[in-house]
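Chains, contacts and geometry: an overview
Chain by chain, the residues run as shown.
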Amino acid sequence: MARPDGRNCDELRPCEMQVGFVGTANGSCLIRCGGTRVICTASVEESVPPFLKGKGQGWITAEYAMLPASTGRRKARDGIKKDGRSVEISRLIGRALRQAVDRRFLGERTITIDCDVLEADGGTRTASITGGYVALCCAIDQLLHQGKLKESPVIHQIAAVSAGIVNDDPSLDLCYLEDSAAQTDMNFVMDETGAFIELQGTGEGRAFTRSELMEILALGEKGIRELHQLQREALGEKARVIAPQRTLVIASNNQHKIREISEMLDERLNVISMREAGFTGDIEENGETFEENAVIKAQAVAKATGLCALADDSGLSVDALGGAPGVHSARYAGGHGDDAANNALLIENMKDVPAEDRTAQFVCAMALSLPNGETHTVQGACPGVITYAPRGEGGFGYDPYFEYVSGETFSEMPEEEKNRVSHRALAMRAMLPYLEEL
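To keep things clear, this report deals only with the structure shown in the data block.

As for the overall build of the protein chain
Helix and strand content of the protein chain: 9 helices and 15 strands. Over its C-alpha trace the protein chain gives a radius of gyration of 29 Å, far above what one expects of a compact globule, namely 22 Å for 438 residues. Taking the intrachain contacts of the protein chain between residues at least 6 apart in sequence as the baseline, contacts between residues at least 24 apart amount to 65%. Entry remark: accessible area of the protein chain is about 19,800 Å², with carbon and sulfur atoms responsible for 48%. Positive and negative side-chain charges in the protein chain, numbering 45 and 65 respectively, have mean positions lying 8 Å apart.

What follows is the structure, encoded as structure tokens:
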């Protein structure tokens, strides 16, 4: 059956998004979907609701309203007590757009999305979510340009569309005439992966079958993909804020360490050194454990750079020496990083230790600190024994004297194999679940 506006059943209404429509807002978008027009603005406040104070997280909320003449017959303005429909839609928009942002990277600020309907011809809530997302991205872009954010907290692209059954025909993006006569009415809120954020469906004129549901779902997915493309086109260069690769600062300028960690991460993140991040200060590693030192370094770098920072403190723990060199591994002989002197002192202190008591382990404590202060720690330990003489040409530090359970010293191992079994590799594997959340 022909639709009122002559569209095919799988066609969106003509949709346009005008970015920057309200010059005084931190971000704005005028969205038109057929005869529906909504002004979406994003306002930034440098504070959060009481329940989030001190937690290092931001907040996204929304308010929805229909202007008095938006439906052709005057609608009373919302007063102190808003009508239930506006409240319900406001909550829907807020829930949807909170899924777009990793609030740990927003800072303790609130972004309010105001959606004011100028003209209503069906789909005002879905248009508000789609246009509200664009306004949100514009506000994030402004915060980046102002230097208030170092990286975009936007992790997903969000859009919404309606679909339903009208006169027994599954149809996409219902206008008011279709919506008011629909046998089934559904709203889809989805991200770029095809995952659902909200799915609302009601059999209004009759119940709907599983096969009809699948048809409606396919239409909704098609519409969302097209709206995502329209959002990106409207944003232009501002689309750079959508799910950029996260930067990870390794709290070290040790190129051996940075290279090892980069290879282990397999380019999941943009890995840079402290120097590349612009951090040149000294960090006093005065912790009594590997974990304490790792946390000290990670938090110092994250706070100074505004980026995620990964730090490790690692060293050799020899059982016969009561855990020494331990946290003093790099400066065991006095001078920091003097491998030859450190190894000479180690072998001197081990000269009377019999083979069966020369057990040791390399230990790595790793700390990941986010700009909001959230910190995660893990530890990896690699068992072995201390040899009487150095073997191998590779590696660094105590590697020539540390014999792994395979019978090879770390200096004899190919770098790829060492990266697979080392204490740092074990710690990194334990840390990966946290890194994958970035």
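Things to note about the environment of Ala195
Within the secondary structure, Ala195 sits in the loop between strand S8 (184–191) and strand S9 (196–203). Owing to a relative accessible area of 34%, Ala195 belongs among the partly exposed residues under this scheme. It is 31 Å that separates the C-alpha atoms of Ala195 and Ala2, two residues lying 193 residues apart in sequence.

Examining the packing of aromatic side chains
The tally for this structure, following the rule as stated, stands at 6 aromatic pairs. With a centroid separation of 4.5 Å and 50° between ring planes, the pair formed by Phe362 and Phe402 is classed as tilted. Of this pair, Phe362 sits in strand S13 (residues 359–369) while Phe402 sits in strand S15 (residues 402–404), placing them 40 residues apart in sequence. Overall, the relative accessible area of 5% leaves Phe362 in the buried class. In this structure Phe402 comes out as buried when scored by relative accessible area, which is 0%. The interplanar angle of 40° and the centroid separation of 6.2 Å between the aromatic rings of Tyr404 and Phe410 together place this pair among those described as tilted. The residues Tyr404 and Phe410 share a single accessibility class, namely buried. An aromatic cluster is defined as three or more aromatic residues linked by ring pairs; in this entry it consists of Phe362, Phe402, Tyr404 and Phe410. Across from the ring centre of Phe105, 3.9 Å away, lies the NZ or CZ of Arg246, which sits over that ring. In this structure, Arg358 packs its charged tip against the face of Tyr388, placed 4.0 Å from the ring centre.

Remarks on the pattern of salt bridges
Scanning the model with the defined rule gives 25 salt bridges in all. A salt bridge links Arg7 to Glu178, with the shortest nitrogen-to-oxygen separation between them at 3.4 Å. Here Arg7 is found in the segment before strand S1 (15–19), whereas its partner Glu178 is found in helix H3 (residues 176–181), with 171 residues between them in sequence. As far as the burial class goes, Arg7 and Glu178 line up, both buried. Of the charged contacts in the structure, one is a salt bridge between Arg37 and Glu119, with a shortest N-O distance of 2.8 Å. Highlighted residues: Arg37 in strand S3 (residues 36–45) and Glu119 in strand S5 (residues 110–119), separated in sequence by 82 residues. What you see here is one network of salt bridges that share partners, running through Arg3, Asp5, Arg7 and Glu178.

So, the sheet that holds strand S6 (residues 158–166)
The strand order across the open sheet formed by 4 strands is S7-S6-S8-S9, and the pairing between neighbours is antiparallel. For this open sheet the edge positions go to strand S7 (169–172) and S9, each flanked by a neighbour on one side alone. Direction aside, neighbouring strands of the sheet carry axes that sit 15° apart on average.

Brief notes about the packing of helix H2 (residues 124–145) against helix H4 (residues 210–235)
Where H2 meets H4, the axes come as close as 10 Å, and the angle between the chain directions of the two elements is 35°. Seen from above, H2 lies across H4 with right-handed handedness. Residues Thr130, Tyr133, Val134, Cys137 and Cys138 of H2 pack against Leu227, Gln231 and Leu235 of H4. Split by residue class, the contact of H2 with H4 holds 6 nonpolar, 2 polar and no charged.

Here's the deal with the sheet that holds S15
Pairing is mixed in the open sheet, where 6 strands are placed in the order S11-S10-S12-S13-S14-S15. The strands lining the two open edges of the sheet, one partner per strand, are strand S11 (270–273) and S15. Ignoring which end each strand starts from, the neighbouring axes of this sheet average 35° apart. As defined by bridge partners, strand S10 (residues 247–250) adjoins strand S12 (residues 308–318) across 3 bridges and the pair is classed as parallel. Bridge assignment links Ile250 to a residue of S12, and that residue is Leu310. In the packing of helix H6 (residues 290–305) onto the sheet, the strands contacted are S10, S12, S13 and strand S14 (375–386), and the crossing angle to S12 comes to about 160°.

What to know about the pairing of S3
Judged by how many residues are buried, S3 sits mostly within the fold: 7 of 10 residues are covered. Sheet topology note: the strand S2 (residues 27–33)/S3 ladder contains 7 bridges and is antiparallel. Bridge pairing in S3 links Leu30 to Ile39. In this structure, the hairpin formed by S2 and S3 is closed by a connection of 2 residues, where Gly34 is found at a positive phi of approximately 60°.

Considering the side chain of Asn343
Relative to the elements of secondary structure, Asn343 occurs in helix H7 (residues 339–349). Sequence-distant contacts of Asn343, that is, excluding residues within four places in its chain, are made with Gly397, Tyr398 and Tyr401.

Digging into unusual backbone geometry
With omega at 0°, the peptide bond leading from Ala324 into Pro325 counts as cis. With respect to the helices and strands, Pro325 occurs in the loop between S12 and H7. Phi angles above zero are rare outside glycine, and Asp173 is one such case at about 55°. Note on placement: Asp173 falls in the loop between S7 and H3. Given a relative accessible area of 5%, Asp173 falls into the buried group. If you check the backbone angles, Ala243 has positive phi at about 45° while not being a glycine. The residue Ala243 is located in the loop between H4 and S10 in this model.

What counts as what
- Residues numbered from 1 in each chain as written.
- Predicted model: local features only at pLDDT ≥ 70, side-chain atom pairs only at ≥ 80, totals over all residues.
- Heavy atoms only, no water.
- Helix = DSSP H or I, 4+ residues; strand = E, 2+ residues; numbered from the N terminus.
- Rg over C-alpha atoms; globule rule 2.2 N^0.38 Å.
- Contact = heavy atoms within 4.5 Å.
- Areas by Shrake-Rupley, 256 points an atom, 1.4 Å probe, with all protein chains shown as cover.
- Lys, Arg positive; Asp, Glu negative; His and termini not counted.
- Charge placed at Lys NZ, Arg CZ, Asp CG, Glu CD.
- Buried < 20%, exposed > 50% of the residue type's maximum accessible area, 1.4 Å probe, protein only.
- Phe/Tyr/Trp six-rings, centres within 6.5 Å; stacked < 30°, edge-to-face > 60°.
- Lys NZ or Arg CZ within 6 Å of the ring centre and 35° of its normal.
- Salt bridge = Lys/Arg side-chain N within 4 Å of Asp/Glu carboxyl O.
- Pairing = 2+ DSSP bridges.
- Axes fitted to C-alpha atoms, helices over the stretch in contact; angles between N-to-C directions.
- Left-handed = near helix turned anticlockwise from the far one by under 90°.
- Nonpolar A, V, L, I, M, F, W, Y, C, P; charged D, E, K, R; others polar.

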